[in-house]
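Working through the structure, step by step
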Amino acid sequence: MAETKKLLSAYAAVGTDTLKRDRTITRFKGRLDGPAAFFDLDELTATSGMEEGDVARLIASLNQLPMGGGQRLVIVREAQALPPEARDAIVTYLEDPNPEASLLLVADKLNARSKLYKAVSALGKGAIIRCNEPQKRDAASQVDRMAAELGLRLDPLAKNELIDRVGINPPLLSRALRTIREQHEDLSWVDADTIRALVDRNEAAAPWTVADAVISKDAEKALELIFESGEEGRIGYHVWITRYLKEALVAKELEREGYGEQRGTEILAERFGMRPQDRSPQNAWRHRQPWRASRRFSRNELVTLLNRALDVEDALKGSANEESELVRWICEICG
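Calculation rules
Residues numbered from 1 in each chain as written. Predicted model: local features only at pLDDT ≥ 70, side-chain atom pairs only at ≥ 80, totals over all residues. Heavy atoms only, no water. Pairing = 2+ DSSP bridges. Helix = DSSP H or I, 4+ residues; strand = E, 2+ residues; numbered from the N terminus. Axes fitted to C-alpha atoms, helices over the stretch in contact; angles between N-to-C directions. Contact = heavy atoms within 4.5 Å. Parallel < 35°, antiparallel > 145°, perpendicular 65-115°, else oblique. Left-handed = near helix turned anticlockwise from the far one by under 90°. Nonpolar A, V, L, I, M, F, W, Y, C, P; charged D, E, K, R; others polar.

Comments concerning the sheet that holds strand 1 (residues 10–14)
- What the 5 strands build is an open sheet, ordered 2-3-4-1-5; its pairing is parallel. Strands at the two margins of the open sheet, each flanked by one partner only, are strand 2 (41–45) and strand 5 (128–130). Taking the axes of each pair of neighbouring strands and ignoring which way they run, one obtains an average angle of 15 degrees across the sheet.
- Summarising the sheet, strand 2 and strand 3 (residues 72–77) pair through 5 bridges and their orientation is parallel. Across the sheet, residue Glu43 finds its bridge partner in strand 3, namely Ile75.
- On the sheet, helix 2 (residues 52–63) packs against strand 2, strand 3 and strand 4 (101–107) and is oriented at approximately 150 degrees with respect to strand 3.

In structure tokens, the structure reads:
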């Protein structure tokens, strides 16, 4: 059996992705084995109120020799709360650390310019373990990895639906996928309908998702998204629906002047402030939408609906009937 690579004297798992942090802790604990593994692990949670005795016990724990054949592991959670004297003590310890022990600091954030961060980082490549929340663009690939661990595969629409309902918070995504697995042990392929049936909405629907449904005249979907989202986002829904109606009206006018979709797209994009990178081939669907929407409405309909948008805006800014006004307007658009 190949010899397991020895741990560095210290690591810092930094970031607010609690799922990744928990997996990091589990992975480090997995390095402990043998009958004495229990005695070679020490875990504590830092607080700003740590006293001199608490700091001394931490350093003493790091200097203790392992009882098993491997390394001793000391985990400090909430390390961002360590008081200055505790940080200084760890920095001093790392100048001559116990070669048979490894420290794992777990923190929401650590100042990269601090002595503690620099002391850990200097120990070697991989000493800083980044546990940052994923970006929106990375969420789909993370869902794929989580689903694969559970023996599931999600089609593209299902992934979008899951992220739209839950957001990009990894623990919430993981919990939703585990719920699906627990309720359907034999399931392997997950579609959007399954997500809608089994996953509750934790976040308000994205305003462009509602606007897409409205401009496509899918009132049922639009109203379902709004009611599931509660009172959040109504102003955003109004803004995006109004924008889509304006785009459709401009597209109709350009078409009347002889500009087809191919020639008029650039003019439309410039008119609505799209940056050059927004007009890339990958976003071509976004450019086609106004032209398709313009064919679903007459010019008079679009003008009337945009005039109605002013009444709806007034209602959203203070009327007791704000929801009924928004719903009535959406029904008029989709009718």
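Still more to cover.
Some points on the packing of helix 9 (residues 207–215) against helix 11 (residues 234–256)
- At their nearest, the axes of helix 9 and helix 11 sit 8 Å apart, and the two run at 45 degrees to each other. For the element pair helix 9 / helix 11, the angle class is oblique. Here helix 9 and helix 11 pass one another in a crossing that is right-handed. Where helix 9 approaches helix 11, its residues Pro207, Trp208, Val210, Ala211, Asp212, Val214 and Ile215 are matched on the opposing element by Gly236, Tyr237, Trp240, Ile241, Tyr244 and Leu245.
- Counted by class, the contact of helix 9 with helix 11 contains 11 nonpolar, 1 polar and 1 charged residues.

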